[in-house]
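Analysis of the macromolecular model
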Amino acid sequence: MDTLGKTITCLAAIAWKKNSLSLEKVEVEPPKAGEVRIKMISTGICGSDDHTIKGIILVKYPFIPGHEGAGIVESIGEGVSSVKPGDKVLTLAVPQCRECSACLHPKGNFCEKQELGETHLMSDGTSRFTCKGKPVYHFGNTSTFSEYTVMNEISVTKIDAAAPLEKVFLVSCGFSTGYGGAINTAKVTPGSTCAVFGLGGVGLSVIMGCKAAGAARIIAVDVNKDKFEKAKEVGATECINPQDYEKPIQEVLFDLTGDGVDFSFEVIGNPETVAAALASCHESHGVCVIIGLVVGVQLNISGHLFFSGRTLKGSVYGGWKGRDGASKLVSDYMAKKINLDALITHTLNFDKINEAVELMKTGKCVRCVLLL
Ligand SMILES: [Zn+2]
Ligand SMILES: [Zn+2]
């Protein structure tokens, strides 16, 4: 390949400051030891990208956002053995080093080697991106809003060579986070009743997980009625809008179910919704899973809610061990065991990224895939 070992100049979306994303020419250096340079083919705008663009998540400016993506390996650094040029891959915000205590433990998936996530630089303390002579920070191990990106090998997973990249990018974050939250973290049981708060792409994927696990009743909750049709299409048995009631939503759910739900999911990242989702659970055995990103705030929850046996759990990337989980889910998609197509409502070219950010704010857009 003629780009091998050379700096590539390409298009990327850079956040120079809060709430601004501009398309710029960037230089992307070749990968160093343990790194992979990827030609991105597709990327989605996930809820947490919106958080980063708004500056809710701690970031360093200027940076290239984006974590949900699929592409093809362009070149590899020294010592990289799990992928080679030409391989189709997914980008993972949750790496899997296969060596740390989190990776080696049968439960959980929060790999300890997230240093890139905290420093926003590569392992050697430098960036592979520059724009107008200035270094540009990485984001979330990934920075997928660029025609080319450089990532650590432990955050890159090889997938089925026949997988359609304009679909399976969703396995890189949104779908897996929601679906796994129901299957792996909550361990939804057949015949159970579930409530899902927040009906974005991740919330809809939670509904799919609840359905796959055999839940009998799946109550979808959102303040935007435009989202109800899609929720029913993917498996919700009923949809409710908290604004239609005088009572708090947890009381409404108790009225609807008699004793509260067996499993509830907060997929917004709002501390008050977390408290309501927990209070909606059956007091003896109810399990509430926080999937939305609740950052920079304290949870204000009555200790009384736990006295009777409720459980509150956290979940990241649906509990899947990063690389193993993503490869498996892509195989499941190829075997038609999971449905990603229902979640992709819009397709735009990468240069329309700001239009895609606006689309995200409407109830009609679940996921907009950007093609690079
Ligand atoms: Zn995400
Ligand atoms: Zn690890």
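Residues numbered from 1 in each chain as written. Chains lettered and ligands numbered in written order. Predicted model: local features only at pLDDT ≥ 70, side-chain atom pairs only at ≥ 80, totals over all residues. Heavy atoms only, no water.

Focus on the overall build of the chain
The test is simple: Per the convention used, a helix needs a DSSP run of H or I reaching at least four residues, while a strand needs a run of E reaching at least two, with both numbered from the N terminus. A simple rule labels every residue: compare its accessible area, found with a 1.4 Å probe on the protein chains alone, to the largest value its type can have, and call it buried under 20%, exposed over 50%, or partly exposed in between. Any two residues whose heavy atoms approach within 4.5 Å at even a single point are treated as in contact. We get accessible surface area from the Shrake-Rupley algorithm with a probe of 1.4 Å; when it comes to residues, only the shown protein chains can shield them. When charges are counted, neither His nor the chain ends are considered; positive counts come from Lys and Arg and negative counts from Asp and Glu. A charge is said to be at NZ when it belongs to Lys, at CZ for Arg, at CG for Asp and at CD for Glu.
The secondary structure content of the chain amounts to 12 helices and 17 strands. Projected onto its principal axes, the C-alpha coordinates of the chain cover approximately 65 × 40 × 40 Å. By the burial criterion, 55% of the 372 residues in the chain qualify as buried. In the chain, the proportion of contacts linking residues at least 24 apart, taken out of those at least 6 apart, comes to 69%. Summing over all exposed atoms, the chain offers an accessible surface of approximately 15,300 Å²; the carbon and sulfur share of this is 53%. Averaging the locations of the 38 positively and 40 negatively charged side chains of the chain gives two centres separated by 3 Å.

Details of the coordination of the zinc ion (ligand 2)
Spelled out, the test is: Excluding water, the donors of a metal are its N, O and S neighbours within 2.8 Å, or within 3.2 Å for Na, K and Ca, and that exclusion means sites may look incomplete. Geometry is assigned from the angles between donors: four donors with all angles from 85 to 135 degrees make a tetrahedral site, four or six donors whose opposite pairs exceed 155 degrees while the rest stay between 65 and 115 make square planar or octahedral sites respectively, and everything else is labelled irregular.
For the zinc ion (ligand 2), the full set of protein donor atoms is Cys 97 (SG), Cys 100 (SG), Cys 103 (SG) and Cys 111 (SG), at a range of 2.3 to 2.4 Å. Viewed at the metal, the four donor atoms of the zinc ion (ligand 2) are separated by angles of 105 to 117°, and the geometry they form is tetrahedral.

Quick look at the coordination of the zinc ion (ligand 1)
Around the zinc ion (ligand 1), the protein supplies Cys 46 (SG), His 67 (NE2) and Cys 173 (SG) as donor atoms, at distances of 2.1 to 2.3 Å. Counting along the primary sequence, the residues that act as donors to the zinc ion (ligand 1) give the motif C-x20-H-x105-C. Remark: Cys 173 occurs in the loop between α4 (165–168) and α5 (174–186) and His 67 occurs in the loop between α1 (47–53) and β4 (68–76); sequence separation between them is 106 residues. Just as His 67 is buried, Cys 173 falls in that class too.

Quick notes on a nonpolar patch on the surface
Counted only if it meets this: Each patch is built from salt-bridge-free residues with over 30% relative accessible area, joining like charges within 9 Å and nonpolar side chains (Val, Leu, Ile, Met, Phe, Trp, Tyr) within 5 Å. The rule for a salt bridge is simple: a side-chain nitrogen of Lys or Arg has to be within 4 Å of a carboxyl oxygen of Asp or Glu.
A cluster of nonpolar side chains, Ile 56, Leu 293 and Val 295, forms an exposed patch at the surface whose accessible area comes to about 220 Å². By the element assignment, Leu 293 lies in the loop between β14 (287–290) and α10 (304–307).

A few points about the layout of surface pockets
Selection rule: Only protein atoms enter the calculation, which uses a 1 Å grid: trapped sets of points that fit a 1.4 Å probe without letting it out are cavities, open sets showing protein on both sides within 12 Å along at least five of seven lines are pockets, and any residue with an atom within 4 Å of a point is a lining residue. Grid points are joined across faces, edges and corners, and a volume is the space filled by probe spheres set on the points. Classification convention: Asp, Glu, Lys, Arg as charged; Ala, Val, Leu, Ile, Met, Phe, Trp, Tyr, Cys, Pro as nonpolar; all other residues, Gly among them, as polar. Boundary definitions for the domains trace back to an automatic or database domain assignment.
Roughly 290 Å³ of internal volume is contained in the second largest pocket. What lines the second largest pocket is a set of 14 residues, and nearest its centre among them are Lys 107, Gly 108, Asn 184, Thr 185 and Gly 319. Every element with two or more residues in the lining of the second largest pocket is listed here: α5 and β15 (311–314). Of the residues assigned to the lining of the second largest pocket, the class counts are three nonpolar, seven polar and four charged. The residues that make up the lining of the second largest pocket include at least three from each of domain 1 (8–172 + 340–371) and domain 2 (178–315).

Overview of the environment of Thr 273
You can see Thr 273 is positioned in helix α9 (residues 271–279). Looking at Thr 273, the relative accessible area reads 14%, which means it is buried. Apart from the residues within four sequence positions on either side, Thr 273 is in contact with Phe 197, Glu 266 and Ile 268.

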